Amino acid sequence: QVQLVESGGGLVQAGGSLRLSCAASGRSFSNYGMSWFRQAPVKGREFVAGITWNGGGKSYTDSVKGRFTISRDNGKNTVSLQMNSLKPEDTAVYYCAGGVRYRESIVRRDDVGYWGQGTQVTVSS
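Along each chain, residue indices are assigned from 1 in the same order as the chain's sequence is written. Whole-chain, interface and lining totals are the exception, using all residues; otherwise, since this is a predicted model, local features are given only for residues with pLDDT of at least 70 and side-chain atom pairs are given and counted only at 80 or more. The basis for every side-chain value is the complete set of non-hydrogen atoms in the structure, without hydrogens or water.

Where do I start with the overall build of the protein chain in this structure?
The way it works is that DSSP assigns letters per residue, a run of H or I at least four long becomes a helix, a run of E at least two long becomes a strand, and they are numbered from the N terminus. Helix and strand content of the protein chain: 0 helices and 11 strands. In sequence order, the protein chain lays out its α and β elements as β-β-β-β-β-β-β-β-β-β-β. Put simply, the radius of gyration uses C-alpha atoms, and a globule should come to 2.2 Å times the residue count raised to 0.38. Relative to its length of 125 residues, the protein chain is compact, with a C-alpha radius of gyration of 13 Å against a globular reference of 14 Å. Along the longest, intermediate and shortest principal axes, the C-alpha atoms of the protein chain span 40 × 30 × 25 Å. Looking at the protein chain as a whole, 46% of its 125 residues qualify as buried. Contact criterion: two residues are considered in contact whenever any of their non-hydrogen atoms come within 4.5 Å of each other. Taking all contacts inside the protein chain whose residues are at least 6 apart in sequence as the whole, residues at least 24 apart take part in 60%. Throughout, the Shrake-Rupley method with a 1.4 Å probe supplies accessible areas, and for residues the shown protein chains are the sole cover considered. Surface accessibility of the protein chain: about 6100 Å² in total, with carbon and sulfur atoms responsible for 45%. Across the protein chain, the mean location of the 15 positive side-chain charges is 3 Å away from that of the 9 negative side-chain charges. Type-normalised accessible area, obtained with a 1.4 Å probe on protein chains alone, sets the label of each residue: buried when under 20%, exposed when over 50%, and partly exposed for intermediate values. Charged residues are defined narrowly, with Lys and Arg counted positive, Asp and Glu counted negative, and His plus the chain ends left uncounted. Charged side chains are reduced to one point each, which is NZ for Lys, CZ for Arg, CG for Asp and CD for Glu.

Shown next, in the form of structure tokens:
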């Protein structure tokens, strides 16, 4: 059974930082892209950041460029999201996602094969 388990969410003041981690089990993702998505209340789930299987390629949504950094450790089967200079509009449930196409590029919404259960990030003003 494949599981993606996120951790690191919480409440932080605007301008603060959080680091999200996602630990995968039941399957190695070392040859698959992984991404982070988020979903705010009454909004759809949106792509935040993605990283290719070997970490050589990264992509970010415009609103987080320069503030968020995605990374991965294939030896530990984990992916992380460092979030700096957080804003109230970053408040959402953040989801880890794993791809299913071998050595594909960035995992977008239609490419997700596995989802984590989500972790809440709340940024107060």
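So what exactly am I meant to see when it comes to the pairing of strand β9 (residues 92–99) here?
Taken residue by residue, a regular strand's side chains alternate between the two faces of the sheet. The element β9 is largely enclosed, with a buried count of 7 among its 8 residues. One requirement defines pairing of two strands: DSSP has to find at least two bridges between them. Pairing of strand β4 (residues 34–39) with β9, which is carried by 6 bridges, proceeds in the antiparallel orientation. Within β9, the position partnered with Arg38 by the bridge is Tyr94. Pairing of β9 with strand β11 (residues 119–124) involves 3 bridges; the strand directions are antiparallel. Bridge pairing in β11 places Val93 opposite Gln120. Two strands pair when backbone bridges link them, and β9 and strand β10 (residues 112–115) are joined in this way by 3 bridges, in the antiparallel orientation. The partner of Ala97 across the bridge, within β10, is Trp115.

I keep staring at the pattern of salt bridges and nothing clicks. Help me out?
When the charged atoms of two side chains with opposite charge come close together, those side chains can pair. Any carboxyl oxygen of Asp or Glu that lies within 4 Å of a side-chain nitrogen of Lys or Arg is treated as forming a salt bridge with it. Taken as a whole and judged by the stated rule, the model has 5 salt bridges. In this structure, Arg38 and Asp90 form a salt bridge, with 3.0 Å as the shortest nitrogen-oxygen distance. Here Arg38 is found in strand β4, whereas its partner Asp90 is found in the loop between β8 (78–83) and β9, with 52 residues between them in sequence. Summarising the burial analysis for this pair, Arg38 and Asp90 share the class buried. In the salt-bridge network here, residues are joined through shared partners; they are Arg38, Glu46, Arg67 and Asp90.

Explanation requested: the packing of aromatic side chains in the structure shown.
Each aromatic ring pair is summarised here by two numbers: the centre-to-centre distance and the angle between the ring planes. Each pair of aromatic rings taken from Phe, Tyr and Trp, with Trp reduced to its six-membered ring, is defined by centres within 6.5 Å and is described as stacked if the planes are under 30 degrees apart, edge-to-face if over 60, and tilted in the remaining cases. Tallied over the entire structure, the rule returns 5 aromatic pairs. Aromatic side chains Tyr95 and Trp115 sit 6.3 Å apart centroid to centroid with 85 degrees between the ring planes, which places their arrangement in the edge-to-face category. Residue Tyr95 is found in strand β9, and its partner Trp115 is found in strand β10; the two are separated by 20 residues along the sequence. Every member of this aromatic cluster is reached through a ring pair, and the members are Phe37, Phe47, Tyr95 and Trp115. The lysine or arginine in question, Arg27, covers the ring of Phe29, its NZ or CZ lying 4.9 Å from the ring centre. Consider the ring centre and the ring normal. A charge sits over the ring if Lys NZ or Arg CZ is within 6 Å of that centre and within 35 degrees of that normal. Above the ring of Phe47, the side-chain terminus of Arg108 is found at 4.3 Å from the ring centroid.

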